[in-house]
Amino acid sequence: MPVRFRDLPLQAKFLVCLAVFFLLPLVTVAVLINLQAYGTIRTNVRQTQMQVLKQTKPMLEALVRDTELISLTLLSDEKMQAMIRYHLGEEPAVPSGLTQEQRAYDFQVSFQPLMASRPYIQTICVSRDGGVVFQYGDRVTAEDTRFDAVARERGGRPFWTGVYTVANRTAQTPAVPVVSLIRTVNDLYALRALATERISIPETHLRSLYANIQQGMAGGVFMVDGEGRMLSAASAAGLGQAPADESYVPSLLPAAEGMFGTTRAGEPVTVFHYRIDRTGWHVVQWVPDRVLDRQNGLLNLVLAAGIGLCVLFGGLFLLVQNRSINQPIRQIVTQMEKVRAGDFDVSLALPARDEIGNLGRQFQEMVDRIRTLIDTVYKSRIKEREAELMAM
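Summary of the structure given here. (Residues numbered from 1 in each chain as written. Predicted model: local features only at pLDDT ≥ 70, side-chain atom pairs only at ≥ 80, totals over all residues. Heavy atoms only, no water.)

One finds Ile 124, Phe 222 and Trp 281 to be the most contacted residues of the largest nonpolar core, which totals 58 residues. Among the elements that make up this core, the one with the highest residue count is helix α2 (residues 57–75) (six residues). Core analysis: the next-biggest nonpolar cluster, separate from the first, contains nine residues, Cys 125, Tyr 164, Val 166 and Val 178 among them. (Core = buried A, V, L, I, M, F, W, Y, C linked by side-chain atoms within 4.5 Å. Buried < 20%, exposed > 50% of the residue type's maximum accessible area, 1.4 Å probe, protein only. Helix = DSSP H or I, 4+ residues; strand = E, 2+ residues; numbered from the N terminus.)

Moving on, we get to the pairing of strand β1 (residues 123–128). For β1, a buried count of five out of six residues is recorded, marking the element as mostly surrounded by other parts of the structure. Looking at chain direction, β1 and strand β2 (residues 131–137) are connected through six bridges and run antiparallel. Residue pairing across strands places Thr 123 opposite Gly 137, the latter belonging to β2. Counting the residues between successive antiparallel strands, the hairpin from β1 to β2 contains two residues, one of them, Asp 129, with a positive phi of roughly 55°. The pairing of β1 with strand β5 (residues 193–202) spans five bridges and is antiparallel. Each residue of the ladder has a partner; that of Ser 127, found in β5, is Thr 196. (Pairing = 2+ DSSP bridges.)

Moving on, we get to the pattern of salt bridges. Enumeration according to the criterion identifies 16 salt bridges in this entry. Close ionic contact of Arg 278 with Glu 68 constitutes a salt bridge, the shortest N to O distance being 2.4 Å. One end of the pair, Arg 278, is in the loop between β9 (267–276) and β10 (281–288); the other, Glu 68, is in helix α2, and 210 residues separate them in sequence. Given the relative accessible area of 52%, Arg 278 is considered exposed. You can call Glu 68 buried: its relative accessible area is 10%. Across the pair Asp 129 and Arg 128 runs a salt bridge whose closest N-O atoms are separated by 3.5 Å. Here Asp 129 falls in the exposed class, since its relative accessible area comes to 59%. (Salt bridge = Lys/Arg side-chain N within 4 Å of Asp/Glu carboxyl O.)

This next bit is on a nonpolar patch on the surface. A cluster of nonpolar side chains, Leu 309, Leu 312, Phe 313, Leu 316 and Leu 319, forms an exposed patch at the surface whose accessible area comes to about 500 Å². Secondary-structure assignment places Phe 313 in helix α9 (residues 294–340). According to the relative accessible area criterion, Phe 313 is exposed, its value standing at 53%. (Patch = residues over 30% accessible without salt bridge, like charges linked within 9 Å, V, L, I, M, F, W, Y side chains within 5 Å. Areas by Shrake-Rupley, 256 points an atom, 1.4 Å probe, with all protein chains shown as cover.)

Moving on, we come to the packing of aromatic side chains. Taken as a whole, this structure holds four aromatic pairs when the rule is applied. Relative to Phe 260, the ring of Tyr 248 has its centre 6.0 Å away and its plane inclined at 70°; by these criteria the two rings are edge-to-face. Taken together, the positions of Tyr 248 in the loop between β7 (230–232) and α7 (249–252) and Phe 260 in strand β8 (residues 257–264) put the pair 12 residues apart, joining distant regions of the chain. The structure contains a cluster of three or more aromatic residues connected by ring pairs, namely Phe 147, Phe 159 and Tyr 164. (Phe/Tyr/Trp six-rings, centres within 6.5 Å; stacked < 30°, edge-to-face > 60°.)

Next up on the list: the side chain of Thr 279. Considering the arrangement of structural elements, one finds Thr 279 in the loop between β9 and β10. At 3.2 Å, the side chain of Thr 279 and the backbone nitrogen of Trp 281 are in polar contact. Leave out the neighbours within four places in its chain, and Thr 279 touches Val 64 and Trp 160. (Polar contact = N/O pair within 3.5 Å; in protein donor to acceptor, adjacent residues only side chain to side chain. Contact = heavy atoms within 4.5 Å.)

Attention now moves to the environment of Cys 310. By the secondary structure assignment, Cys 310 is in helix α9. For the pair Cys 310 and Phe 22, spaced 288 residues apart in sequence, the C-alpha separation works out to 8.9 Å. Discounting chain neighbours no more than four positions away, the residues touching Cys 310 are Phe 22 and Leu 26.

Keep in mind that these numbers describe shape and distance, not what the molecule does.
Written as structure tokens, this is what we have:
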């Protein structure tokens, strides 16, 4: 037979009331707050991380625009055009009788102030069919012609290569991976291509423009070209290839920017990315969800601590009510059971001045009066009995 609430002991009633009317609503509210805050914090943290990543975009776009500006300055320079025509044998020596080397030196002297503020440019090379017309920086004995056909097809419009190493270098130092701007140098006075221009930038410089956002954070950041091949990364091992550990890369190439969740090596991560429109490059960052969700963990810790404190105070409340209510009532009930059994030797020590203390004192007074009354009646009966015996 089920026990009804009204039949429960007083302490059990307190426990039930504490659980139903205090702890249960508190836990329910905490869960609702957590569910609401979890989604909000999760979204805000990821949007903030996306904005942090996009702070690197202006620097990369500035690098691209500046390199294209240098390219335009070169191909539209009269001295450069004259050097190319002289290299092709179409223009005799100028009246001063300058050789090709002297022409190049003269141009480089005038060109040097422009390059002084652009130390990131590793190489500038103007060539025709592999023959070098002019070069600045890291020199080659013969120019690599692998990009010439594409440059001619584009008719003077620039394009950026993937990452590669320059061949035929004169320097004995190890070749470093570079990314190059390639374009055809067209004749300013005729519709024809004169030469091919290459401006190379070290991959390490590209990396320096975005890699700092990853410092002190788990995860990784890298760049891919428009075909999804690794353009820049902390490790040079996979440069120029499709990233083996980043199978999600093809899915992000069509989008200008965004973020999405996926798994990497079995771990849930969030991927952030944006595109440099002029080049088709994508800067990609992945961050483990456990890192991004630390604030939610802190929220859960605060809520758990709050619930724990409430349980602690609830326990203290039960302890107080047990000492101030339950124990005095149990003492009164015990003394009542003695009176019921005919034992009027009642002694209640309830110093409290509250309702329960007053009840105990009144019960004590009532028992004392009953005991006095019984004694009086008992003695009166004895005296009557004695008088009767004496009268006989």
